[in-house]
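Here is what each chain is made of, one letter per residue.
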Amino acid sequence: MRMNLSDFLKQKIEQFEPTPVVYAYGTVSRVGDGVVRVTGLPGRSYGELLAFDGGAFGMAIDLEEDGAGAVLLDTADVVSVGTRVRGTGRVCDVPVGENLVGRVIDPIGRALDGAPLEVKQYYPVERRAPDLVSRRAVDTPLETGVISVDSLVPIGRGQRELIIGDRQTGKTTLALDTILNQKGKDVICIYCAIGQKASTVSSVIETLRAEGAMQYSIVVAATASDSPALQYLSPYAACAVGEYFMEQGKDVLVVYDDLSKHAVAYRAMSLLLRRSPGREAYPGDIFYLHSRLLERAACLSHEKGGGTLTALPIIETKGGNISAYIPTNVISITDGQIYLESELFHNGIRPAVNTGLSVSRVGRAAQPQAMRNVSASLRIDLAQYREMAVFSRFGSDLEASTKKLLESGERLTNLLTQAKQLHYSLSEKTALLLAFKHGGFDDAEPKQMPSAAGALLQKLHEACPEAMAHIDRSGDLSEDDKTALLTAAGCAV
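Residues numbered from 1 in each chain as written. Predicted model: local features only at pLDDT ≥ 70, side-chain atom pairs only at ≥ 80, totals over all residues. Heavy atoms only, no water.

## Quick notes on the overall build of the protein
Part 1 of the reasoning: Along its length, the protein carries 17 helices and 17 strands.
Part 2 of the reasoning: Relative to the globule expectation of 23 Å for 493 residues, the C-alpha radius of gyration of the protein, 26 Å, shows essentially globular dimensions.
Part 3 of the reasoning: Reported as C-alpha extents along the three principal axes, the dimensions of the protein are approximately 80 × 50 × 45 Å.
Part 4 of the reasoning: With 493 residues in all, the protein has 55% of them scored as buried.
Part 5 of the reasoning: Of all intrachain contacts in the protein linking residues separated by at least 6 positions in sequence, the fraction that spans at least 24 positions is 74%. (Helix = DSSP H or I, 4+ residues; strand = E, 2+ residues; numbered from the N terminus. Rg over C-alpha atoms; globule rule 2.2 N^0.38 Å. Buried < 20%, exposed > 50% of the residue type's maximum accessible area, 1.4 Å probe, protein only. Contact = heavy atoms within 4.5 Å.)

## Regarding the sheet that holds strand β3 (residues 48–52)
Part 1 of the reasoning: Here we have six strands rolled up into a closed barrel, ordered β1-β2-β5-β4-β3-β6, and antiparallel in their pairing. Ignoring which end each strand starts from, the neighbouring axes of this sheet average 45° apart.
Part 2 of the reasoning: Of the strand pairs in this sheet, strand β4 (residues 57–64) and strand β5 (residues 67–72) are connected by six bridges, and their pairing is antiparallel. Each bridged residue has a counterpart across the sheet, and for E64 the counterpart in β5 is G67. (Pairing = 2+ DSSP bridges. Axes fitted to C-alpha atoms, helices over the stretch in contact; angles between N-to-C directions.)

## Details of the environment of I218
Part 1 of the reasoning: Structurally, I218 is set in strand β12 (residues 217–222).
Part 2 of the reasoning: Residues I218 and I105 lie 113 residues apart in sequence; the distance between their C-alpha atoms is 8.0 Å.

## A look at the side chain of T334
Part 1 of the reasoning: Relative to the helices and strands, T334 is located in the loop between α8 (325–333) and β16 (336–340).
Part 2 of the reasoning: Since its relative accessible area comes to 4%, T334 is described here as buried.
Part 3 of the reasoning: Looking at T334, its side chain comes within polar contact range of the main-chain oxygen of V330, at 3.0 Å.
Part 4 of the reasoning: A polar side-chain atom of T334 sits 3.3 Å from the main-chain carbonyl oxygen of I331. (Polar contact = N/O pair within 3.5 Å; in protein donor to acceptor, adjacent residues only side chain to side chain.)

## A look at the packing of helix α7 (residues 286–294) against α8
Part 1 of the reasoning: Where α7 contacts α8, the two axes come as close as 10 Å, and the packing angle between them is 35°. Remark: the crossing between α7 and α8 carries right-handed chirality. From α7, I286, F287, H290, S291 and L294 reach across to α8, where they touch Y325, I326, N329, V330, S332 and I333.
Part 2 of the reasoning: Here the residues of the contact of α7 with α8 are counted per class, giving seven nonpolar, four polar and no charged. (Left-handed = near helix turned anticlockwise from the far one by under 90°. Nonpolar A, V, L, I, M, F, W, Y, C, P; charged D, E, K, R; others polar.)

## Remarks on the environment of S375
Part 1 of the reasoning: Note that S375 resides in the loop between α11 (369–374) and α12 (378–392).
Part 2 of the reasoning: S375 gets classed as buried once you look at its relative accessible area, which sits at 0%.
Part 3 of the reasoning: Residues S375 and L434, spaced 59 residues apart in sequence, show a C-alpha to C-alpha distance of 8.6 Å.

## A few points about the packing of helix α5 (residues 228–247) against α7
Part 1 of the reasoning: Contact pair α5 / α7: the axes reach a minimum separation of 10 Å and the direction vectors enclose 20°. In terms of their interaxial angle, α5 and α7 are classed as roughly parallel. Between α5 and α7 lies a crossing whose hand is left-handed. Within the contact between the two elements, α5 uses Y232, P235, Y236 and C239 and α7 uses L289, R292 and L293.
Part 2 of the reasoning: Residue composition of the contact of α5 with α7, by class: six nonpolar, no polar and one charged. (Parallel < 35°, antiparallel > 145°, perpendicular 65-115°, else oblique.)

## A closer look at helix α3 (residues 171–180)
Part 1 of the reasoning: Most of α3 is tucked away: eight of the ten residues are buried.
Part 2 of the reasoning: Taken together, the buried positions of α3 are occupied by K171, L174, A175, L176, D177, T178, I179 and L180.

Laid out in structure tokens, this is it:
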């Protein structure tokens, strides 16, 4: 049974260790659409919980000399002009700890899965990002199990990699596949749903449960029916939950789905607070909104425990326009982006990764040596194929070399096509790309590449399991392993 928000916050404040303090009261001077303006409330801090007469609670996000602007954390009808309000001396926080694993909570820590939640420790939702001295270089891969991503735009633990694309292009599916691929890899995964339909969030949770991923996952959800304040808090709360595990020396993956809705919620709050609008009516600090969140992703130094927090923010574009205001802001903050294109998606190429616009600025440094050996020329091969495919539309007479290039490029494109919830291990990805590079698929029809790849993997697992296991264990492709794989695949050594 979901606890009433006012009762929940009262319970949290009652558990707070009291210290002698002189309360100054203020008065609500304006209220509307979940936003209130308070006068006569000095000494408040940003993000502090405010208690209104009648049992409602709000959060101060606009501090002025003669008062404060606040957002209500629920749709309380007891707040009106003249209502008295006081500060609680406590900033908005979220529960953290091992007992959150496998649970579904909202941004202020209420359990949404019907079971009681025991809380021993809280973290404030707004925390400073680790400084430069506390970090180290990204050096460990975070494998998605998706061959096109791990070979072309690899992600390292502690990186911030943006997933961007139009609506219905597979952004959430790619993020979920990444979470599902962390099974057995000692990575805590946090899925943060911002402003989505409750049915969509339920579907994601059921997918995680069906695949056994809730054993190492946490879901932080603020649905479209929740107040803009809760939607605004949700990514910061999810990040704070992840920071607890990072500071324990663990590896954490946080998916923010999506920051476009987060920006819209913040814009609504800012306009209601009568802040000056800027480009596209967003407030002037919209860049800081996301930069202070994503900068909290880090790869901590060994002196700080060596934990990592990897961020996968999602941004939804309109009409493929990645040069819009919010997309360009987040692109400039992150360490690269995976661009999913609508045209590729509708042509059956899934995941619909546009290799020309997708990039990982630090992932190559964390890419396993085995994958680096077999994927070095992959991007160039795809670029040549795409360029030649465009020109081949204008002429029917093609040279033999051109036809061979087009056929090879089509095979490679279909090899990189992968069904959702199908995850390749490092050895499987290495073997497939190695076989392609040495002509192992030259006799296969381009459209039959997925089935040909499956048949080859089954054959390799039976013929040379030691080589496959060694690649997974060491991350390297030795000459003996290479010879064994090519021989089993029927390729020239």
